[in-house]
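Structural characterization, general
Next come the chains, spelled out residue by residue.
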Amino acid sequence: GAVVSQHPSWVICKSGTSVKIECRSLDFQATTMFWYRQFPKQSLMLMATSNEGSKATYEQGVEKDKFLINHASLTLSTLTVTSAHPEDSSFYICSAPWGTKNIQYFGAGTRLSVL
Amino acid sequence: AQKITQTQPGMFVQEKEAVTLDCTYDTSDPSYGLFWYKQPSSGEMIFLIYQGSYDQQNATEGRYSLNFQKARKSANLVISASQLGDSAMYFCAMREGLHGSGNTGKLIFGQGTTLQVKP
């Protein structure tokens with residue numbers, strides 16, 4: 001299967017600072033990537049669809065100015081959590097579709113802790 | 001309305017036995033895809049198996065098989081010969097549109113089932 005790389009895997013930051021998370025497709029191009037958020041022992045919730053060369057599509061209830069998404073190349077999408085607060089602490093995970101059936105392959109995820 | 005339902009929050013299975021994880025779905029789109037993912041405690045999401053709505057046969061991948069009953073809108077995952085390493089959370093997911101690309105490729109996830117394999 002395809003490989004999606006996500007970095008960093010774990011980050012601690014102070015309240016009010018911004019954090020950038022990178023999602024890369026390795027050895028394949030991804031015009032679309034997806035960003036999810038997951039709270040402990042809960043399911044994945046789609047935050048936004050990242051589109052290469054155009055604006056991201058955000059799900060209802062997700063603050064666009066809070067969670068900035070940039071998909072500047074065919075292999076890289078970034079999620080920036082701006083002015084992070086403790087309630088933003090969560091597990092963030094990205095995915096990219098690959099193959100004829102567009103199976104979504106996931107990165108390893110990023111655990112964000114905001115102090 | 002909940003589109004993907006996993007009714008078993010937790011399951012136990014004895015090592016080497018088979019286990020079935022339930023998943024029902026709801027959609028009015030005749031074209032859709034169904035997926036199962038495994039999430040170990042490390043957090044990564046591992047793709048296990050895929051079933052398209054027009055696929056005539058149930059999907060199989062090694063010890064994983066998908067019991068697809070279209071009329072009942074169910075897509076249960078069967079794991080044969082359970083191993084200790086199978087202990088994890090399992091998610092069923094659906095994509096509306098058969099070969100979704102772009103914005104139509106998003107997945108809707110169920111609440112997950114935690115499977116514990118006992119030695």
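Source: prediction; values computed, not measured.

1. Structural notes on unusual backbone geometry
Peptide bonds are, in most cases, trans, and in most cases residues other than glycine have a negative phi. Each neighbour pair has its own omega, and for His7(A) with Pro8(A) the value is 0 degrees, a cis peptide bond. Following the sequence through the fold, Pro8(A) ends up in the loop between β1 (3-7) and β2 (10-13). Although it is not a glycine, Lys16(B) adopts a positive phi angle of roughly 80 degrees. Here Lys16(B) lies in the loop between β2 (10-14) and β3 (19-21). Residue Lys16(B) is classed as exposed on the basis of its relative accessible area, which comes to 69%. Located in the positive-phi region is Ala81(B), a residue other than glycine, with phi close to 45 degrees. Here Ala81(B) is to be found in the loop between β9 (74-79) and β10 (88-96). The class of Ala81(B) is partly exposed, set by a relative accessible area of 38%.

2. What about the sheet that holds strand β7 (residues 67-73) of chain A?
Residues and elements named next belong to chain A. Spatially, 4 strands are ordered β1-β3-β8-β7 in an open sheet, and the strand pairing comes out antiparallel. Two strands bound the open sheet, and with one partner strand each, they are β1 and β7. Along the sheet, successive strands turn relative to each other by an average axial angle of 15 degrees, direction set aside. Relative to strand β8 (residues 76-81), strand β3 (residues 19-26) runs antiparallel, the two sharing 6 bridges. Within β8, the residue paired with Lys 20 across the bridge is Thr 80.

3. Brief notes about the pattern of salt bridges
For the structure shown, the criterion picks out 6 salt bridges over all chains. For Arg24(A), the salt bridge goes to Glu22(A), with nearest N and O atoms at 3.4 Å. Accessibility expressed as a relative area gives 25% for Glu22(A), which makes it partly exposed. Where Arg63(B) meets Asp86(B), a salt bridge forms, and the shortest distance between an N and an O atom there is 2.8 Å. In this pair, Arg63(B) sits in the loop between β7 (60-61) and β8 (64-69) while Asp86(B) sits in the loop between β9 and β10, placing the two residues 23 residues apart along the sequence. The exposure class of Asp86(B) is buried, given its relative accessible area of 2%.

4. A word on the interface of chain B and chain A
Taken residue by residue, the interface counts 24 residues in chain B and 25 residues in chain A. Carbon and sulfur atoms make up 54% of the surface buried where chain B meets chain A, a total of about 1,800 Å² over both sides. Where chain B packs against chain A, one counts 1 salt bridge. In this structure, Glu59(A) engages Lys106(B) in a salt bridge whose closest nitrogen and oxygen atoms are separated by 3.3 Å. For the side of chain B that touches chain A, the secondary-structure elements that each account for two or more residues are β5 (32-39), β6 (46-52) and β10 of chain B. A per-class count over the side of chain B that touches chain A returns 9 nonpolar, 12 polar and 3 charged.

5. With respect to the side chain of Ser82(B)
Residue and element names in this part refer to chain B. Turning to its location among the elements, Ser 82 is positioned in the loop between β9 and β10. We classify Ser 82 as buried; its relative accessible area is 1%. A distance of 2.7 Å separates a polar side-chain atom of Ser 82 from the backbone oxygen of Glu 17. In this structure Ser 82 touches Val 13, Gln 14, Glu 15, Lys 16, Glu 17, Val 19, Arg 63 and Val 117, once residues within four positions along its chain are discounted.

6. Considerations on the state of the cysteines
Evaluation of the coordinates by the stated rule reveals 2 disulfides over all chains. Residue pairing for Cys23(A): its cysteine sulfur links by disulfide to Cys94(A), the two sulfurs lying 2.0 Å apart. The S-S bond linking Cys23(A) to Cys94(A) shows a torsion near 85 degrees; that makes this disulfide right-handed. With Cys23(A) in strand β3 and Cys94(A) in strand β9 (residues 90-98), this pair connects stretches of sequence that are 71 residues apart. Taking relative accessible area as the criterion, Cys23(A) reaches 0% and is therefore assigned buried. Given the relative accessible area of 0%, Cys94(A) is considered buried. Between the sulfur atoms of Cys23(B) and its disulfide partner Cys92(B) the distance amounts to 2.0 Å. Measuring handedness by torsion sign, the sulfur bridge of Cys23(B) and Cys92(B) sits at about -65 degrees and is left-handed.

Cut-offs applied
Residues numbered from 1 in each chain as written. Chains lettered and ligands numbered in written order. Predicted model: local features only at pLDDT ≥ 70, side-chain atom pairs only at ≥ 80, totals over all residues. Heavy atoms only, no water. Helix = DSSP H or I, 4+ residues; strand = E, 2+ residues; numbered from the N terminus. Buried < 20%, exposed > 50% of the residue type's maximum accessible area, 1.4 Å probe, protein only. Pairing = 2+ DSSP bridges. Axes fitted to C-alpha atoms, helices over the stretch in contact; angles between N-to-C directions. Salt bridge = Lys/Arg side-chain N within 4 Å of Asp/Glu carboxyl O. Contact = heavy atoms within 4.5 Å. Buried area = accessible area lost by both parts, 1.4 Å probe. Nonpolar A, V, L, I, M, F, W, Y, C, P; charged D, E, K, R; others polar. Polar contact = N/O pair within 3.5 Å; in protein donor to acceptor, adjacent residues only side chain to side chain. Disulfide = S-S within 2.5 Å.

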